[in-house]
Amino acid sequence: MATKVLTLVGSLRNGSTNQQLAEATSHNAPEGMEVSVFSGLENIPFYNEDNDVEGSVPAAAQALRDAASGSDALMLVTPEYNGTMPAVLKNAIDWLSRPFGASPVSGKPTVVVGTAFGQYGGVWAQDEARKALGIAGAKVLEDVKLAIPNSVVRFAELHPKDDAEVVEQVTSVLNSIKEIAEAN
């Protein structure tokens, strides 16, 4: 049975370098692994506990929860906006964190990767996402990291899936996820 990895991308911009990085993970999934990129984060309303009632959960939020429930592991791909993760990604984590202790991310192996224009590749955003995911109950793989700096320049004419160094790094991340997910 294939290890299923659900990928959430924090950038909503068409052709974003983080969307391209997510595509590179799908393109380079090792044998025995399925990587799918969730689409529709922009359609999920901001988390409101008043709407998080059985029978009243917004369809887009329920679709996210169902996709996460059906996966063996999660990968978040985040840019860095003002030193942190984008609101759309934080909102997804909020929806996925409930019900606390029995949520779709509870105990699920999870990694956070990304690329950003700056010299550090968005590490602050990644750290914030890891923190929020850990509090939400995910099994954050703290040692599995990938932060690619200078994204706008590096990927100006080369898609990440065609960058040999990125392919090697992505493959390493995916193999780590597979190993942990299969042991889970």
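Quantities reported herein were computed from a predicted structural model and do not represent experimental measurements.

**Quick notes on the layout of surface pockets**
Considered as a void within the structure, the largest pocket measures approximately 210 Å³ in volume. Around the largest pocket, the lining is made up of 13 residues, and of these Ser11, Leu12, Gln19, Ser39 and Glu42 lie nearest the centre. Among the residues making up the lining of the largest pocket, the classes are represented as five nonpolar, six polar and two charged.

**As for the sheet that holds strand β3 (residues 73-77)**
If you walk across this open sheet you meet the five strands as β2-β1-β3-β4-β5, and the pairing is parallel. At either end of the open sheet lies a strand with only one pairing partner, and these are β2 (33-37) and β5 (139-148). Each strand axis lies, on average, 20° off the axis of its neighbour in the sheet, ignoring direction. Its contacts with the sheet place helix α4 (residues 123-136) against β3, β4 (109-115) and β5, and it is angled at close to 165° to β5. Across the sheet, helix α6 (residues 164-183) touches β1 (3-9), β2, β3, β4 and β5, and the angle it forms with β5 is around 175°.

**A look at the packing of aromatic side chains**
Inspection of every chain in the model, using the stated rule, returns one aromatic pair. Look at tyrosine 47 and tryptophan 95: their rings are 4.7 Å apart centre to centre, the planes differ by 70°, and that puts the pair in the edge-to-face class. With tyrosine 47 in the loop between β2 and α2 (59-69) and tryptophan 95 in helix α3 (residues 87-96), this residue pair connects regions lying 48 residues apart in the sequence. Relative accessible area serves as the criterion here: at 0%, tryptophan 95 is assigned to the buried category.

**Side note on the pairing of β5**
Strand direction decides the pairing type here: β4 and β5, joined by six bridges, are parallel. Along β5, the bridge assignment pairs valine 113 with leucine 146. Handedness of the crossover is the feature at issue here: the chain leaves β4, passes through α4, returns alongside β5, and the resulting connection is right-handed.

**What about the UniProt feature "domain: NADPH-dependent FMN reductase-like" (unreviewed entry) in the protein?**
UniProt records the feature "domain: NADPH-dependent FMN reductase-like" (unreviewed entry) at residues 3-150, using the numbering of this structure. Between the C-alpha atoms that bound residues 3-150 there is a distance of 31 Å. The span itself is 31% helix and 23% strand.

**Quick look at unusual backbone geometry**
At the junction of arginine 98 and proline 99, the peptide bond is cis and its omega measures out at -10° in the coordinates. With respect to the helices and strands, proline 99 occurs in the loop between α3 and β4. Located in the positive-phi region is asparagine 82, a residue other than glycine, with phi close to 50°. Look at asparagine 82 and you get exposed, because its relative accessible area is 82%. The phi dihedral of asparagine 150 is positive, around 55°, even though this residue is not glycine. Tracing the backbone through its elements, the reader meets asparagine 150 in the loop between β5 and α5 (151-154). Since its relative accessible area comes to 38%, asparagine 150 is described here as partly exposed.

**Thoughts on the pairing of β2**
The pairing of β1 with β2 spans five bridges and is classified as parallel. When the bridges of β2 are listed, threonine 7 appears paired with valine 37. For the crossover that starts at β1, traverses helix α1 (residues 17-27) and ends in the parallel β2, the hand is right-handed.

**Here's the deal with the nonpolar core**
Generally speaking, a soluble globular protein has its nonpolar side chains buried in company with each other. Counting residues in each nonpolar core, the largest one holds 28 residues, and the members touching the most others are Leu8, Leu41, Leu64 and Leu76. Per-element accounting of this core gives the leading share, six residues, to α3. Beyond its immediate sequence surroundings of up to four residues, leucine 8 is in contact with Phe38, Leu41, Leu64, Met75, Leu76, Val77, Leu89, Ala92 and Leu96. Among the nonpolar cores identified, the runner-up in size contains 22 residues, and Met75, Val111, Val113 and Val144 belong to it.

About the cut-offs
Residues numbered from 1 in each chain as written. Predicted model: local features only at pLDDT ≥ 70, side-chain atom pairs only at ≥ 80, totals over all residues. Heavy atoms only, no water. 1 Å grid on protein atoms, 1.4 Å probe; cavity = no way out; pocket = protein on both sides within 12 Å on 5 of 7 lines; lining within 4 Å. Points joined across faces, edges and corners; volume = space filled by probe spheres on them. Nonpolar A, V, L, I, M, F, W, Y, C, P; charged D, E, K, R; others polar. Pairing = 2+ DSSP bridges. Helix = DSSP H or I, 4+ residues; strand = E, 2+ residues; numbered from the N terminus. Axes fitted to C-alpha atoms, helices over the stretch in contact; angles between N-to-C directions. Contact = heavy atoms within 4.5 Å. Phe/Tyr/Trp six-rings, centres within 6.5 Å; stacked < 30°, edge-to-face > 60°. Buried < 20%, exposed > 50% of the residue type's maximum accessible area, 1.4 Å probe, protein only. Right-handed = clockwise from strand over helix to strand, strands pointing away. UniProt positions renumbered as here; feature names shortened; annotations may be inferred. Core = buried A, V, L, I, M, F, W, Y, C linked by side-chain atoms within 4.5 Å.

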